[in-house]
Amino acid sequence: MPRKKWDIPQRQATDEDVYFNRRKFIRRAGLGTIGLLAGCIPEKLLNPATLVDPTKYLSPTRIEPTPPSEWYPAPTNDAFSTLDRPLTDEVVAALYNNFYEFSTTKEVWRFIDNFEPAPWTVEIGGLVQQPKTYDIDTLIGTMDLEERLYRHRCVEAWSMAIPWTGFPMRALIDLVQPLSSARYVRMLSFFNPEVAPGQWDRSDWPWPYTEGLTIDEATNELTLLVTGIYGHALPKQHGAPLRLVTPWKYGYKGLKSITKIEFTSQQPATFWNTLAPHEYGFFSNVEPEVPHPRWSQATERFITTDPDAPARRETLPYNGYAEYVAHLYE
Ligand code: MTE
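Before going into details, it helps to say that this report is about the structure given with it. (Residues numbered from 1 in each chain as written. Predicted model: local features only at pLDDT ≥ 70, side-chain atom pairs only at ≥ 80, totals over all residues. Heavy atoms only, no water.)

Focus: the overall build of the chain
Looking only at helices and strands, one finds 12 helices and 12 strands in the chain. Residues classed as buried in the chain amount to 57% of the 330 residues present. Surface summary for the chain: the accessible area is close to 14,100 Å², and the carbon and sulfur share equals 50%. (Helix = DSSP H or I, 4+ residues; strand = E, 2+ residues; numbered from the N terminus. Buried < 20%, exposed > 50% of the residue type's maximum accessible area, 1.4 Å probe, protein only. Areas by Shrake-Rupley, 256 points an atom, 1.4 Å probe, with all protein chains shown as cover.)

Now the structure itself:
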């Protein structure tokens, strides 16, 4: 029997209470944390009179025919079961997102109702021995899911701490067997302006959102294909039904709602690098000493409802994951 979802270290107990007690969150949001959160969430959302019912937006995406409860909670990977900071409140994480297909604001949840992440397929192709289009349920059912707590650092200098559920990308790569000529992995999100107003409004942007990794990065122990968060399936705004998480890189590398994974011999063009090459590179590793052209990366604004957590923290090289990845860039 899988270990209980929240059977994790004592130091996180306070935040766990918050995740699973929405009323308490609402009370706290209304009475105690406006000052702390005002920088992250528009004040109207924190006014108890107008606060949305977060449970509506957090209900796990249904992935038929296998009910999500069969997959979640997944066992925790002991190597990633603790962090040096409290987890970000689930509700805060779900109301503060980047998903430009839907909005250029953080209030993605407001614009995402028409997006249907089921049924869903993921095409695996390019330089690979076993090209295949997977139904997402089949793919998830084939893989061993695990939970990992990861630091999450956006290039905009905000950060969170998130419990993701997923499987190592390496497991998928072992399954599909890239050819020896494959040196990169290119990943694409969806293109459907009928449900994604951002794709309609910004029709000159290089949709679909595309990202890429070297094969060495894709097979690194940290690289996770994510299907769930906080012990349930991904809500839409976090990139249902499948997204990438590479915690030593800025968050924009973490492509949401993946439709295609392609193995290539050439470094693929990526969304932000195509839009603003002088601001966003291909590798995009978290490097505190390398400022963004418009702001410093030396510190980050930690988004949390924990009143004891520092509002700003020093940015860590590779977001604290140097031991896993620094060798890739020597
Ligand atoms: N994936 C797609 N398809 N579209 C996007 O706009 N935004 C990226 C990344 N993945 C984005 C995306 C950025 S800029 C960040 S910081 C993270 O998603 C945010 O993930 P979160 O909203 O789950 O915190």
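Comments concerning the pattern of salt bridges
Side chains that differ in charge, positive against negative, can pair when their charged atoms come close. Counted by the stated rule, this structure contains 12 salt bridges. The closest approach of N and O atoms between K260 and E123, which form a salt bridge, is 4.0 Å. Highlighted residues: K260 in strand 10 (residues 260–264) and E123 in strand 1 (residues 121–126), separated in sequence by 137 residues. The salt bridge involving K253 is made with E211; its shortest N-O contact spans 2.6 Å. Pair noted here: K253 is in the loop between strand 9 (243–245) and strand 10 and E211 is in strand 6 (residues 210–214), with a separation of 42 residues, a long-range link. On the accessibility criterion, K253 (1% relative accessible area) is buried. (Salt bridge = Lys/Arg side-chain N within 4 Å of Asp/Glu carboxyl O.)

Here's the deal with the nonpolar core
By size, the foremost hydrophobic cluster in this structure holds 82 residues, and its most contacted members are W164, M169, L172, L225, I261 and F263. Broken down by element, this core gets its largest block of residues, 6 residues, from strand 4 (residues 158–168). (Core = buried A, V, L, I, M, F, W, Y, C linked by side-chain atoms within 4.5 Å.)

Regarding the sheet that holds strand 6
With mixed pairing, 5 strands are arranged side by side in an open sheet as 2-1-10-5-6. With partners counted over all chains shown, the strands left at the sheet margins are strand 2 (132–135) and strand 6, one partner each. Taking the axes of each pair of neighbouring strands and ignoring which way they run, one obtains an average angle of 15 degrees across the sheet. Where strand 1 lies against strand 2, 4 bridges are found, and the strand directions are antiparallel. Note that in strand 2 the partner of E123 across the bridge is T133. Contacting strand 1, strand 2, strand 5 (184–188), strand 6 and strand 10, helix 8 (residues 169–176) crosses the sheet at an angle of about 65 degrees to strand 10. (Pairing = 2+ DSSP bridges. Axes fitted to C-alpha atoms, helices over the stretch in contact; angles between N-to-C directions. Contact = heavy atoms within 4.5 Å.)

Concerning the site of the ligand
Around the ligand, the structure places 17 residues, and the nearest of them are Y100, E101, R243, G254 and K256. G254 is positioned with one of its backbone polar atoms (N or O) 2.8 Å from a nitrogen atom of the ligand. Here an oxygen atom of the ligand sits 2.6 Å away from a polar atom, N or O, in the side chain of K256. Alone, the ligand offers 530 Å² of accessible surface; in the complex the protein occludes 99% of this. In terms of residue class, the shell around the ligand is made up of 7 nonpolar, 7 polar and 3 charged. (Near = heavy atom within 4 Å. Polar contact = N/O pair within 3.5 Å; in protein donor to acceptor, adjacent residues only side chain to side chain. Nonpolar A, V, L, I, M, F, W, Y, C, P; charged D, E, K, R; others polar.)

Concerning the packing of aromatic side chains
Each aromatic ring pair is summarised here by two numbers: the centre-to-centre distance and the angle between the ring planes. Scanning the entire structure with this criterion turns up 26 aromatic pairs. For the ring pair Y150 and Y321, a centre distance of 5.7 Å and an interplane angle of 75 degrees mean the geometry is edge-to-face. Linking Y150 in strand 3 (residues 146–153) with Y321 in the loop between strand 12 (312–314) and helix 12 (322–325), this pair joins segments that are 171 residues apart in sequence. For the residue pair Y150 and Y321, the accessibility class agrees, reading buried in each case. With a centroid separation of 5.9 Å and an interplanar angle of 80 degrees, the aromatic rings of Y184 and F282 are classed as edge-to-face. Highlighted residues: Y184 in strand 5 and F282 in the loop between helix 11 (271–275) and strand 11 (299–302), separated in sequence by 98 residues. (Phe/Tyr/Trp six-rings, centres within 6.5 Å; stacked < 30°, edge-to-face > 60°.)

Observations concerning helix 8
The complete set of buried residues in helix 8 reads M169, L172, I173 and V176. The buried residues of helix 8 occupy an angular sector of 100 degrees when the element is viewed end-on, so they sit on one face. Phi turns positive, to about 55 degrees, at Q177, one or two residues after helix 8. (Arc of directions from axis to C-beta.)

Focus: the pairing of strand 6
Burial analysis of strand 6 places 5 of its 5 residues in the buried class, the great majority of the element. Residues T210, G212 and T214 point to one face of strand 6 and E211 and L213 to the other, with burial holding for every one of them. Where strand 5 and strand 6 come together, 5 bridges link them in antiparallel fashion. Across the sheet, M187 pairs through a bridge with E211, a residue of strand 6.

Notes on the environment of R183
Tracing the chain through its elements places R183 in the loop between helix 8 and strand 5. On the basis of relative accessible area, R183 is assigned to the exposed category, the value being 51%. If we ignore the near neighbours within four places in the chain, the residues touching R183 are T214, I215, T264 and S265.

Structural notes on unusual backbone geometry
For the peptide bond that leads from W207 to P208, omega is -5 degrees, which places it in the cis range. Relative to the elements of secondary structure, P208 occurs in the loop between helix 9 (197–201) and strand 6. Cis geometry marks the peptide bond from A240 to P241, where omega comes out at -5 degrees. Locating P241 in the fold gives a position in the loop between strand 8 (232–233) and strand 9. Positive phi values are uncommon outside glycine, yet A157 reaches one of about 80 degrees. Structurally, A157 can be placed in the loop between strand 3 and strand 4. Residue A157 is classed as buried on the basis of its relative accessible area of 6%. For N319, which is not a glycine, the phi torsion comes out positive at approximately 55 degrees. Structurally, N319 is set in the loop between strand 12 and helix 12.

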